[in-house]
Each structure stands twice: as structure tokens, then as C-alpha cells.
Amino acid sequence: MNVSDLAFSPQSFDLIISLNVLQHIVDNTEFNKTVYEIVSVLKSSCHIILLEFSPQKSINSEYSKFLVIRSRRDYINVFGENGCKLIYEIGIPRIGVRLCRYTVQVGRFLKMLIFAESNRTTYTNKQINKVNKNSIKSKFENIVFKTILKFTKPFDASLSNFPKNFTDMRILFFQKK
């Protein structure tokens, strides 16, 4: 079944839950059609719960051809245009994921320093990323990431309602008017 062409009668559901689905619809026309379709199968006064990577501000979302990062405001606007209002939201801290990202950035920086020092050449980030993409992740990196995620999981769990201004992952609760 295609989420932009649901085979359900209008106003069939009391609750719709979408977990990281909409960010994988890269075409904006298809995205708008999908939101319209989701809202159309929801009964009046009922709810949609979205878990999406949705930062406060728009960012460059050209990570891959399978992912578009839309801002929190983008989701609020498109659901609003389709007859829904945001009634609640929960920020998800993702401390471990952030530490893993910073670890990767530090690793890239160190790799750049090592390359530059050993070859007396300056490398661009693009060249370093190409080296990273062409190599297999080491077991050491995997152990480091798993350790970071294991030890930060309790912090993420205890900060269940993280301030929405300080996170880019959130659960958005919409109600159909």
C-alpha cells in the first residue's frame, strides 16, 4: 500500500501514528498529497501522532536521496492547511546520537590532521568524506558508538519531555478540526 494513496474510506480512523515515515517522502508534491490522504482518513476531532526528525529551523536536507529534513514549522503548516492543529509536542533529547555525531566529527578532524601531516597536503572535507565512505567502519568505532548509546540511554529516558527548542527530534500531536 502506498501511503499517498490509501485504500481506506474517508474518516475511518480515530488515531493515526506515523513513526519516521514522512521524512522519507522526498518529493514535495507527493508529501503534500500524503498528508492530505492521512488527514482524510481520520475522523473529525481525532488525533495524529507523528515522530519525525523536525528541527526548529530548516536545514540543508540533502543527506540522501531517501530523506528530507523538514522543519517543525513545515509539519505544522502542512497539517494546518489540511484541517489539523498542533495540540501538544514532546522533544526527544537523543543525547547519545548527538555524542556519536560529535565523535564522528572529531574523528574526521583528526583524520584530516593525520593526512595533512603525513603528506604535507591540505585535504578538503569532501576528500576526507570520500575516504570515509570508501572504507568499512572499524570494530573500534562500533564499540565506541554502542558504549555511548548504552550509557546515555538512561539520560534520554529520564528527560522524556525535553524542551522543544533544544532538540531536533520530536513527537507532534495533531487534532483534526
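Reference entry: report on the structure contained in this document. Note that this is a predicted model, so its numbers are computed, not measured.

The N-to-C vectors of helix α1 (residues 28-40) and helix α2 (residues 72-81) enclose an angle of 55°; their axes lie 9 Å apart at closest approach. Taken together, the axis directions place α1 and α2 in an arrangement best described as oblique. Along this stretch, α1 crosses α2, giving a crossing that reads as right-handed. On the side of α1, the interface is formed by F31, N32, V35 and V39, while α2 contributes Y75, V78 and F79.

Restricting attention to buried positions, one finds in α2 the residues R72, Y75, I76, V78 and F79. The inward-facing, buried residues of α2 abut α1, β2 (42-53), β3 (84-92) and β4 (169-176).

A separate point is the environment of I59. The residue I59 is located in the loop between β2 and α2 in this model. Among the residues examined, I59 registers a relative accessible area of 36% and is labelled partly exposed. Leaving out residues up to four positions away in the same chain, I59 has contacts with F53 and I69.

Judged by side-chain polarity, V106, F109, L110, L113 and I114 come together as a nonpolar surface patch covering roughly 470 Å² of accessible area. For V106, the position within the fold is in helix α3 (residues 95-119).

By size, the foremost hydrophobic cluster in this structure holds 20 residues, and its most contacted members are L22, I48, L50, F79 and F174. Apart from the residues within four sequence positions on either side, F174 is in contact with C46, H47, I48, L50, Y75, I76, F79, C84, K85, L86 and I87. With five residues, the next largest nonpolar core counts F53, L67, I69 and M169 among its residues.

This part takes up the pairing of β4. Here β2 pairs with β4 via seven bridges, running antiparallel. Note on β4: the bridge partner recorded for I49 is F173. For β3 and β4, the ladder comprises eight bridges, and the chain directions are antiparallel. Across the sheet, residue Y88 finds its bridge partner in β4, namely F173.

Quick look at the pattern of salt bridges now. In total, this model carries three salt bridges according to the counting rule given. E89 is paired through a salt bridge with R72; the nearest N and O atoms lie 2.8 Å apart. Residue E89 is found in strand β3, and its partner R72 is found in helix α2; the two are separated by 17 residues along the sequence. The pair formed by E89 and R72 is uniform in burial state, with each residue classed as buried. One salt bridge connects R170 with E89, and the closest N-O pair in it is separated by 3.0 Å. Of the two residues, R170 sits in strand β4 while E89 sits in strand β3, which places them 81 residues apart along the sequence. The residues R170 and E89 share a single accessibility class, namely buried. Each member of the salt-bridge network shares a partner with another, and the members are R72, E89 and R170.

Reading the values: the criteria
Residues numbered from 1 in each chain as written. Predicted model: local features only at pLDDT ≥ 70, side-chain atom pairs only at ≥ 80, totals over all residues. Heavy atoms only, no water. Axes fitted to C-alpha atoms, helices over the stretch in contact; angles between N-to-C directions. Helix = DSSP H or I, 4+ residues; strand = E, 2+ residues; numbered from the N terminus. Parallel < 35°, antiparallel > 145°, perpendicular 65-115°, else oblique. Left-handed = near helix turned anticlockwise from the far one by under 90°. Contact = heavy atoms within 4.5 Å. Buried < 20%, exposed > 50% of the residue type's maximum accessible area, 1.4 Å probe, protein only. Patch = residues over 30% accessible without salt bridge, like charges linked within 9 Å, V, L, I, M, F, W, Y side chains within 5 Å. Areas by Shrake-Rupley, 256 points an atom, 1.4 Å probe, with all protein chains shown as cover. Salt bridge = Lys/Arg side-chain N within 4 Å of Asp/Glu carboxyl O. Core = buried A, V, L, I, M, F, W, Y, C linked by side-chain atoms within 4.5 Å. Pairing = 2+ DSSP bridges.

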